[in-house]
Amino acid sequence: APPPPPPPPPMMAPPPPPPPMMAPPPPPMMAPPPPPMMAPPPPPPPPPAAAVKVPKPPKEPKPPKPSKVKKAKEERATYKALGVLRGSRAITYGMSALFVVGAAYFFIQAMILSGAGPSKVVEDYANAVKARNGRALFDQNLFPQSGRNGYVKSDYLSWNDIDGKKWKADVSWKTNSNVAVLSLSFEGATNVEPIKVNLKATQFTKFGLFKSYENWQVISFAPVITIDTDQMNPRDDLFINGALIADVESFNVGYRGSMVVIPGKYTIELKDYKSGNIKSVTKICYEKSDCSLSNTNFS
C-alpha cells in the first residue's frame, strides 16, 4: 500500500504589525528679526554764503637795471676775487708739499744719525777700563798716547776697587755735533769718581744730503804715570800695584820715566836696596797731570 502523505507544516502566526511612524517634532518657532535701524536723515545743508572777493596783491616794482659802468666794476671785482682764491689754493698746495718733503728729510736724517753715534767706542772703552787688559792700550782710538810711551803689562793695571762692580756709561752727545763726552762710573764702588773722556768723530755727507759721523775715537790724553828718578838710587826697585817693574836705572832706560796706563788707582812703591824699606805713593790716574810724580821725594 502506498505510504501515507506527509503531514502538512504547522501554521506560523503572522508577524506583528510595525509600530506606527511618529511624526518628527516641528522646529521651534524663531522670533522674526527686528527690522534694521535706519539712520536719521542728514540735516539740510546751510544756505551758501555770499562770495567774498579777495583783493589782488599789488605788483612789486621792477628793480632798475644797473648801468653798464656799475656792471663792469662788479665783473672786475668778481674776477679779482676768483684770482685771489686761485692764488691761495696754489700757496696752500705749495706749503703742504714743502711740509711733506721737510718731514721726510728730518725723518731720514734722524734714522741715519741714530746709527751714527759713538756706541761702539763707548763699549770698547768701558770694557778696556773694566777688564784692565794692557793690550787695549795699543788701540789708538781708545788711548791716543799709547804709541809714544813705554810698554805696560796687565800686572800693573789692577784696580781692586772696581772688582765685581757693574759699570755704567753715560754719553752726552748732540746729534748735530761730531763731539761727545763719555762718563764712565761704577755702581757700588766707593771713592771712585766717574771717568770722563772726550770723543770725536769724522763728519761726512751721506747720499749728498744727509749728515753722518764715523770713526769715533777718544781725543783726551791717555793717563800717563811720570816718575822722576833723579832722587832715587839707581839700584832701588820700583813697584806699581805690587808688581816689580825694574830697578830705577832700568826704568830710566826702558820707559824714559813715563808710561801709559788705563784709568784707575795706582800704588807706586820704591824698595831701598840697602834697608829693604818700602815707601809708597798712591795716585788716582784719570788724566795725564793727575799721575805725575816728578816732585815726589823717595829718599
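The model shown is predicted, which means the values in this text are computed figures rather than measured ones. (Residues numbered from 1 in each chain as written. Predicted model: local features only at pLDDT ≥ 70, side-chain atom pairs only at ≥ 80, totals over all residues. Heavy atoms only, no water.)

K.L.:
Sorry, what's going on with the nonpolar core here?
P.N.:
Grouped burial of nonpolar side chains is what soluble globular proteins tend to show. In terms of nonpolar packing, the biggest core is built from 49 residues, with Tyr125, Phe143, Ile195 and Leu199 touching the most fellow members. Top contributing element to this core by residue count: helix H2 (residues 119-131), with 6 residues. Once residues within four sequence positions are removed from consideration, Tyr125 is found in contact with Leu142, Phe143, Leu182, Ile195, Val197, Val218 and Pro263. (Core = buried A, V, L, I, M, F, W, Y, C linked by side-chain atoms within 4.5 Å. Buried < 20%, exposed > 50% of the residue type's maximum accessible area, 1.4 Å probe, protein only. Helix = DSSP H or I, 4+ residues; strand = E, 2+ residues; numbered from the N terminus. Contact = heavy atoms within 4.5 Å.)

K.L.:
For this particular structure, what's the right way to read the sheet that holds strand E2 (residues 179-187)?
P.N.:
Strands belonging to one sheet form pairs held by backbone hydrogen bonds; the direction of such a pair is parallel or antiparallel. As summarised here, the arrangement of the 4 strands in space is E1-E2-E3-E4, forming an open sheet in which the pairing is antiparallel. Strands at the two margins of the open sheet, each flanked by one partner only, are strand E1 (166-173) and strand E4 (210-218). Taken pair by pair, the neighbouring strands of this sheet meet at an average axis angle of 30°, ignoring direction. Bridge analysis of E2 against strand E3 (residues 195-206) gives 6 bridges, and the strand direction is antiparallel. Bridge assignment links Leu184 to a residue of E3, and that residue is Ile195. (Pairing = 2+ DSSP bridges. Axes fitted to C-alpha atoms, helices over the stretch in contact; angles between N-to-C directions.)

K.L.:
Sorry, what's going on with a nonpolar patch on the surface here?
P.N.:
A surface patch of nonpolar side chains, amounting to about 340 Å² of accessible area, comprises Tyr105, Phe106 and Leu209. Classification of Phe106 by relative accessible area gives exposed; the value is 59%. (Patch = residues over 30% accessible without salt bridge, like charges linked within 9 Å, V, L, I, M, F, W, Y side chains within 5 Å. Areas by Shrake-Rupley, 256 points an atom, 1.4 Å probe, with all protein chains shown as cover. Salt bridge = Lys/Arg side-chain N within 4 Å of Asp/Glu carboxyl O.)

K.L.:
What should I look at first to understand the confidence of the model for the protein chain in this one?
P.N.:
Note that predicted coordinates carrying low pLDDT should not be read in detail. In this model, the protein chain carries an average pLDDT of 76, and 82% of its residues clear a pLDDT of 70 or more. H2 holds the highest mean pLDDT among the elements of the protein chain, 87, whereas strand E11 (residues 292-293) holds the lowest, 63. (pLDDT = per-residue confidence, 0-100.)

K.L.:
Can you walk me through the packing of aromatic side chains in this structure?
P.N.:
Where two aromatic rings form a pair, the distance of their centres and the angle of their planes describe that pair. All told, the structure shown has 5 aromatic pairs when counted by the stated rule. For the ring pair Trp173 and Trp216, a centre distance of 5.7 Å and an interplane angle of 85° mean the geometry is edge-to-face. Note that Trp173 is positioned in strand E1 and Trp216 in strand E4, a separation of 43 residues in sequence. A centroid spacing of 6.2 Å and a plane angle of 65° characterise the contact between Tyr213 and Trp216, whose relative ring orientation is edge-to-face. Take Tyr213 and Trp216: they sit in the same class, and that class is buried. Taken together, the ring pairs in this structure connect Trp173, Tyr213 and Trp216 into an aromatic cluster. (Phe/Tyr/Trp six-rings, centres within 6.5 Å; stacked < 30°, edge-to-face > 60°.)

K.L.:
I keep staring at the side chain of Ser183 and nothing clicks. Help me out?
P.N.:
When you line up the elements, Ser183 lands in strand E2. Dropping the residues within four chain positions of it, Ser183 is found in contact with Lys168, Ala169, Asp170, Pro194, Ile195 and Lys196.

K.L.:
Where do I start with the sheet that holds strand E10 (residues 278-285) in this structure?
P.N.:
Here 4 strands make up an open sheet; going across it, the order is E7-E6-E9-E10 and the pairing antiparallel. The open sheet has two free edges, formed respectively by strand E7 (243-247) and E10, since each of these has just one partner strand. Going across the sheet, the axis of each strand differs from the next one's by a mean of 25°, ignoring polarity.

K.L.:
In this structure, what is going on with the pairing of strand E6 (residues 237-240)? I would like to understand it.
P.N.:
Side chains on a regular strand alternate between the two faces of the sheet. Summarising the sheet, E6 and E7 pair through 4 bridges and their orientation is antiparallel. For Phe239, the partnering residue across the bridge sits in E7 and is Leu244. Joining the antiparallel neighbours E6 and E7 is a turn of 2 residues, in which Asn241 adopts a positive phi near 50°. In the sheet, E6 pairs with strand E9 (residues 264-271) via 4 bridges, with the strands oriented antiparallel. Directly across from Ile240, in E9, lies its bridge partner Ile268.

K.L.:
Mind showing me how you'd approach the side chain of Asn241 here?
P.N.:
With respect to the helices and strands, the residue Asn241 is situated in the loop between E6 and E7. A relative accessible area of 19% means that Asn241 is categorised as buried. Engagement of the side chain of Asn241 in a polar contact is seen with the backbone oxygen of Tyr156, the distance being 2.9 Å. For Asn241, the contacting residues outside a window of four places in its chain are Asp155, Tyr156, Leu157, Ser158, Lys265, Tyr266 and Thr267. (Polar contact = N/O pair within 3.5 Å; in protein donor to acceptor, adjacent residues only side chain to side chain.)

K.L.:
Teacher, can you tell me more about the pattern of salt bridges here?
P.N.:
Here the idea is simple: oppositely charged side chains can pair when their charged atoms come close. Under the counting rule described, the total for this entry stands at 2 salt bridges. Of the charged contacts in the structure, one is a salt bridge between Lys265 and Asp161, with a shortest N-O distance of 2.8 Å. With Lys265 in strand E9 and Asp161 in the loop between H2 and E1, the pair connects residues that are 104 residues apart, well separated along the chain. Take Lys265: its relative accessible area is 28%, and that puts it in the partly exposed class.

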